[in-house]
Amino acid sequence: MALIVQKYGGSSVADTDSIKRVARRIIETKRKGNDVAVVVSAMGDTTDELIDQAKEVDSQPPARELDMLMTAGERISMSLLAMAIHSQGEHAHSFTGSQAGFVTDARYGAAHIRAVKPDRVINALHQGEIGIVAGFQGVNSLGDATTLGRGGSDTSAVALAVALGADVCEIYTDVDGVFTADPRIVPTAQRIPSISYDAVLEMAASGSKVLALRCVEYARRFKMPIHVRSSFSHLPGTIVVGDGVDANSIPNID
Ligand SMILES: Nc1ncnc2c1ncn2[C@@H]1O[C@H](COP(=O)(O)OP(=O)(O)O)[C@@H](O)[C@H]1O
Ligand SMILES: N[C@@H](CC(=O)OP(=O)(O)O)C(=O)O
């Protein structure tokens, strides 16, 4: 079967009921016979709330401390998700960005991934477990926690998918894929069934926030297929691949 990386954004894990729902979805993919590694974002607006709290105690928080604080959001969701999976009868093991081998440069708040060495995630998969990785974070050469910039979990997911040699990186969100415009603002927007990296990069560059720009650049560089879909439905979503690649060749599209 396939090796699938699934990323669940904050909108998909906004509360504990949502975390249970996402756990069911992950287990469904695993029980179809796939190996599954998951990247998870902080619950709902947690990252914004953490930043607000930082500013309440220090109007100019040191970047190192702000990153230390922000990485806590994803640690909450990753461990709750591992527990929800456990309670539904499967084995899961959660990892911080550092534990999952995300080595970055030292730019707090806007760190760039230098290397991904996910040995512990690979071991978990070999044990038949589901690996859960905190998105949006890594560790610098000083051993300090770093964050990748807002929306950085998409990039974490593609980078993990590339490092694991996954067959597809599925990005789960709260809309049914990539649309011609933001479907929450433009009700007549149409879902795009499949789209090239270049076309989605143009959309991201012109302000569409459905996928982070760096995540698409990373996917294009390593030819990693991305499947954008809703965690609230089983509708087909949007496949993002290079020109000439058959979108139907991507696993787990039903
Ligand atoms: N072209 C587009 N297609 C789909 N969604 C879009 C588009 N442009 C903007 N969006 C918005 O992106 C949102 C999903 O991104 P985001 O809120 O960051 O989700 P997540 O928490 O899953 O990362 C959707 O709710 C939608 O309003
Ligand atoms: N939690 C981080 C990282 C992230 O990517 O979140 P989301 O996947 O919910 O956009 C942020 O809010 O920026």
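Note: the structure precedes this text.
Read on for a plain summary of the structure. (Residues numbered from 1 in each chain as written. Chains lettered and ligands numbered in written order. Predicted model: local features only at pLDDT ≥ 70, side-chain atom pairs only at ≥ 80, totals over all residues. Heavy atoms only, no water.)

**Examining the packing of helix H2 (residues 46-57) against helix H3 (residues 63-87)**
Here comes step 1: At their nearest, the axes of H2 and H3 sit 9 Å apart, and the two run at 150° to each other. Put simply, H2 runs roughly antiparallel to H3. Both H2 and H3 take part in a crossing whose hand is right-handed. On the side of H2, the interface is formed by Thr46, Thr47, Leu50, Ile51 and Ala54, while H3 contributes Leu66, Leu69, Met70, Gly73 and Glu74.
Here comes step 2: In terms of residue class, the contact of H2 with H3 is made up of six nonpolar, three polar and one charged. (Axes fitted to C-alpha atoms, helices over the stretch in contact; angles between N-to-C directions. Helix = DSSP H or I, 4+ residues; strand = E, 2+ residues; numbered from the N terminus. Parallel < 35°, antiparallel > 145°, perpendicular 65-115°, else oblique. Left-handed = near helix turned anticlockwise from the far one by under 90°. Contact = heavy atoms within 4.5 Å. Nonpolar A, V, L, I, M, F, W, Y, C, P; charged D, E, K, R; others polar.)

**With respect to the site of ligand 1**
Here comes step 1: Around ligand 1, a shell composed of 19 residues is seen, among which Ser11, Thr173, Asp174, Asp182 and Arg184 lie nearest.
Here comes step 2: Coverage of ligand 1 by the protein chains reaches 84% of its 580 Å² of free accessible surface.
Here comes step 3: The residue inventory of the shell around ligand 1, partitioned by class, reads eight nonpolar, six polar and five charged. (Near = heavy atom within 4 Å. Areas by Shrake-Rupley, 256 points an atom, 1.4 Å probe, with all protein chains shown as cover.)

**Describing the sheet that holds strand E10 (residues 194-196)**
Either a parallel or an antiparallel arrangement is found when strands of a sheet pair, and the pairing is made through backbone hydrogen bonds.
Here comes step 1: The eight strands are arranged E3-E6-E2-E1-E9-E11-E12-E10 in an open sheet whose pairing can be described as mixed. Every other strand in the sheet has two partners, leaving strand E3 (92-95) and E10 as the edge strands with one partner each. Averaged over neighbouring strand pairs, the angle between their axes works out to 20° when direction is ignored.
Here comes step 2: As defined by bridge partners, strand E2 (residues 35-40) adjoins strand E6 (residues 130-134) across four bridges and the pair is classed as parallel. Bridge pairing links alanine 37 to glycine 131 in E6.
Here comes step 3: Against the sheet, helix H4 (residues 119-126) makes contact with strand E1 (3-8), E2, E3 and E6, and its axis sits at roughly 175° relative to E3, the strand it touches most.
Here comes step 4: Helix H5 (residues 153-164) rests against E1, E2, E6, strand E9 (168-173) and strand E11 (226-230) of the sheet, and its axis sits at about 170° to E1. (Pairing = 2+ DSSP bridges.)

**Notes on the site of ligand 2**
Here comes step 1: Taken together, the residues surrounding ligand 2 are Lys7, Gly9, Gly10, Ser41, Ala42, Thr47, Glu74, Phe136, Arg150, Gly151, Gly152 and Ser153.
Here comes step 2: One of the side-chain N or O atoms of arginine 150 is found 2.8 Å from an oxygen atom in ligand 2.
Here comes step 3: Taken together, the residues that form the shell around ligand 2 break down as two nonpolar, seven polar and three charged. (Polar contact = N/O pair within 3.5 Å; in protein donor to acceptor, adjacent residues only side chain to side chain.)

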